[in-house]
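# A look at the structure
Next come the chains, spelled out residue by residue.
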Amino acid sequence: MVMYMIIGMLALAVVMLAFRIYQYKRQIRSFARATAKRKSTDWNQLVTVDYFDKDILELAEVLNAYTDMHKELEKQYEKDRRQLKNVIAGISHDFRTPLTAAKGYLQMLEKSTDFVGKEKEYLDIAIDKVAYLKHLSDDFFEISSLEAKEEKLEISTLNVGNFLSECILQQHGWIEEQGIRTDFQLPKSDVFLETNEHDLMRMMENLFSNVRKYVKSYVGVKAFLEGDVLVILVENDLEGMEVPDTDRIFEPFYRDSARTNEGSGLGLYVVDRLAKRLGIETEAECMEGVFRMALRIKTGVCREESEKGRSGWKDG
């Protein structure tokens, strides 16, 4: 009889131990899922306790304390990040002011004084270098301002043909002066785009700035629809045998041996950053001596209006 009682008690103990082990494993799995969720989706996810054991409760408290600490660190990081962006934007703005003044004074000096020989050479070099620094500071200011911006974008409706015509007219002077051959293909019918006009204009200015640095004899601007995606192409032939690395062309400060002209290496990076801000895809390719940069406006962003409901194109 005693033996049966001992066996029964041992069996009960085994059952209770097995149940406790099961509860521990179940709670550990719950902690694992909560931790994985914090890692992949939500760092603010707290762990919950299903099995009220002292050790389990202590572990839950430690994990949740870690979560609270992470929240505070994340808040402080975001605060420091915003502060740093604002400081950089302020510095870049202040940096531009004396350069603008220096450039203006040098130009006044050039006009008011008849320099000859070495003096004229040195003055021209000074003007060129200050202009180059001004260009660098403008790009730096653009990036720092872009990084610091957190306000909601102002969206307006643009007529694509009218917008691109304005962009092209702004480049007319240097294109005509250098005798550049052109191929402009703009929509005949009205194609409308919902976007931020300022940012898109800045993108086009930077694309044309890049073209002007490296063009040989040809510039093209084309806009067309691929299904319900609007594609804007800006292309140019290349001087000599320059072949840019199209996989790196939108990286900040990208410059390789083929791209020898002075520049900050930030112009196309600004294009790519603004494109991401507007939800536009950027692409670059170089084929048969022609370098092409494409802006792809995704489905639902562009719309077309014409009498026949079909798009047409005209050559410029």
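Look up a bit, the structure's there.
For the structure given in this document, a descriptive report is provided here. It should be emphasised that the depicted structure is a prediction, and the values quoted were computed from it without experimental measurement.

The rules we used
Residues numbered from 1 in each chain as written. Predicted model: local features only at pLDDT ≥ 70, side-chain atom pairs only at ≥ 80, totals over all residues. Heavy atoms only, no water. Helix = DSSP H or I, 4+ residues; strand = E, 2+ residues; numbered from the N terminus. Buried < 20%, exposed > 50% of the residue type's maximum accessible area, 1.4 Å probe, protein only. Contact = heavy atoms within 4.5 Å. Areas by Shrake-Rupley, 256 points an atom, 1.4 Å probe, with all protein chains shown as cover. Expected span 1.5 Å × (residues − 1). Polar contact = N/O pair within 3.5 Å; in protein donor to acceptor, adjacent residues only side chain to side chain. Patch = residues over 30% accessible without salt bridge, like charges linked within 9 Å, V, L, I, M, F, W, Y side chains within 5 Å. Salt bridge = Lys/Arg side-chain N within 4 Å of Asp/Glu carboxyl O. Lys, Arg positive; Asp, Glu negative; His and termini not counted. Charge placed at Lys NZ, Arg CZ, Asp CG, Glu CD. Core = buried A, V, L, I, M, F, W, Y, C linked by side-chain atoms within 4.5 Å. Axes fitted to C-alpha atoms, helices over the stretch in contact; angles between N-to-C directions. Parallel < 35°, antiparallel > 145°, perpendicular 65-115°, else oblique. Left-handed = near helix turned anticlockwise from the far one by under 90°. Nonpolar A, V, L, I, M, F, W, Y, C, P; charged D, E, K, R; others polar.

In this section: the overall build of the chain. Each helix and strand in the chain was counted, giving seven helices and nine strands. By the burial criterion, 36% of the 316 residues in the chain qualify as buried. Partitioning the intrachain contacts of the chain with sequence separation of at least 6 by distance along the chain shows that 70% fall at a separation of at least 24. For the chain, the exposed area adds up to about 19700 Å²; of that, 57% sits on carbon and sulfur atoms.

Compared with an ideal rise of 1.5 Å per residue, which puts 18 residues at 26 Å, helix H6 (residues 197–214) spans 26 Å between its outermost C-alpha atoms and is within 8% of the ideal. The complete set of buried residues in H6 reads Asp199, Leu200, Met201, Arg202, Met203, Met204, Asn206, Leu207, Phe208, Asn210, Val211 and Tyr214. The N-terminus of H6 is capped by Asn196, whose side-chain oxygen sits 3.3 Å from the backbone nitrogen of His198.

The next point concerns helix H7 (residues 267–278). An α-helix turns once per 3.6 residues; consequently, residues spaced three or four apart project the same way. With twelve residues, H7 ought to run about 16 Å at 1.5 Å a step, and its terminal C-alpha atoms sit 17 Å apart, in line with that. Residues Leu268, Tyr269, Val270, Val271, Asp272, Leu274, Ala275 and Leu278 constitute the buried set of H7.

Together, Lys25, Arg26, Arg29 and Arg33 make up a region of like positive charge exposed at the surface. For Lys25, the location among the structural elements is in helix H1 (residues 2–40). Overall, Lys25 belongs to the partly exposed group, its relative accessible area being 48%.

Among the structural elements, Asp199 can be located in helix H6. Taking relative accessible area as the criterion, Asp199 reaches 2% and is therefore assigned buried. Polar contacts involving the side chain of Asp199 include one to the side chain of His198, which spans 3.3 Å.

This paragraph deals with the nonpolar core. Counting 48 residues, the largest nonpolar core has Met204 and Leu295 as the members making the most contacts within it. The element best represented in this core is H6, accounting for eight residues. Setting aside its immediate chain neighbours within four residues, Met204 contacts Phe163, Leu164, Cys167, Ile232, Val234 and Leu295.

This part is about the packing of helix H4 (residues 160–170) against H6. Viewed as axis vectors pointing N to C, H4 and H6 meet at an angle of 40 degrees, and their least axial separation amounts to 11 Å. What the angle tells us is that H4 and H6 run oblique. Along this stretch, H4 crosses H6, giving a crossing that reads as right-handed. Residues Phe163, Leu164, Glu166, Cys167, Ile168 and Gln170 of H4 lie in contact with H6, whose contacting residues are Glu197, Leu200, Met201, Met204, Glu205 and Phe208. Split into classes, the residues belonging to the contact of H4 with H6 amount to eight nonpolar, one polar and three charged.

Mapped onto the fold, Asp138 is located in helix H3 (residues 117–148). Linking Asp138 and Arg96, residues 42 residues apart in sequence, is a C-alpha distance of 7.0 Å. Dropping the residues within four chain positions of it, Asp138 is found in contact with Arg96 and Arg202.

Here we come to the pattern of salt bridges. Considering all chains together, one arrives at eleven salt bridges under this definition. Of the charged contacts in the structure, one is a salt bridge between Glu121 and Lys118, with a shortest N-O distance of 3.4 Å. With Glu121 and Lys118 both in helix H3, this residue pair falls three residues apart, about one helical turn. Within this structure, Asp183, Lys222, Glu235, Glu285 and Arg292 form a network of salt bridges that share partners.

Another point: the environment of Ile168. Within the secondary structure, Ile168 is located in helix H4. With sequence-adjacent residues up to four places away left out, Ile168 is seen in contact with Phe184, Leu186, Phe208 and Val221.

As a further point, take the side chain of Asn236. As for its placement among the helices and strands, Asn236 is situated in strand S5 (residues 229–238). When neighbours within four sequence positions are excluded, Asn236 is seen to be in contact with Val211, Tyr214, Val215, Tyr218, Val219, Gly289, Val290 and Phe291.

To continue, consider the packing of H6 against H7. Look at H6 against H7: their axes get within 9 Å of each other, and the N-to-C directions meet at 155 degrees. Taken together, H6 and H7 sit at an angle that is classed as roughly antiparallel. Remark: the crossing between H6 and H7 carries left-handed chirality. On H7, the residues touching Asp199, Leu200, Arg202, Met203, Asn206, Leu207 and Asn210 of H6 are Gly267, Leu268, Val270, Val271, Leu274, Ala275, Arg277 and Leu278. The residue inventory of the contact of H6 with H7, partitioned by class, reads nine nonpolar, three polar and three charged.

Phi is positive for Glu288, which is not a glycine, with a value near 55 degrees. Take Glu288: it is sitting in the loop between strand S6 (280–287) and strand S7 (290–297). By relative accessible area, which is 83% here, Glu288 ends up exposed.

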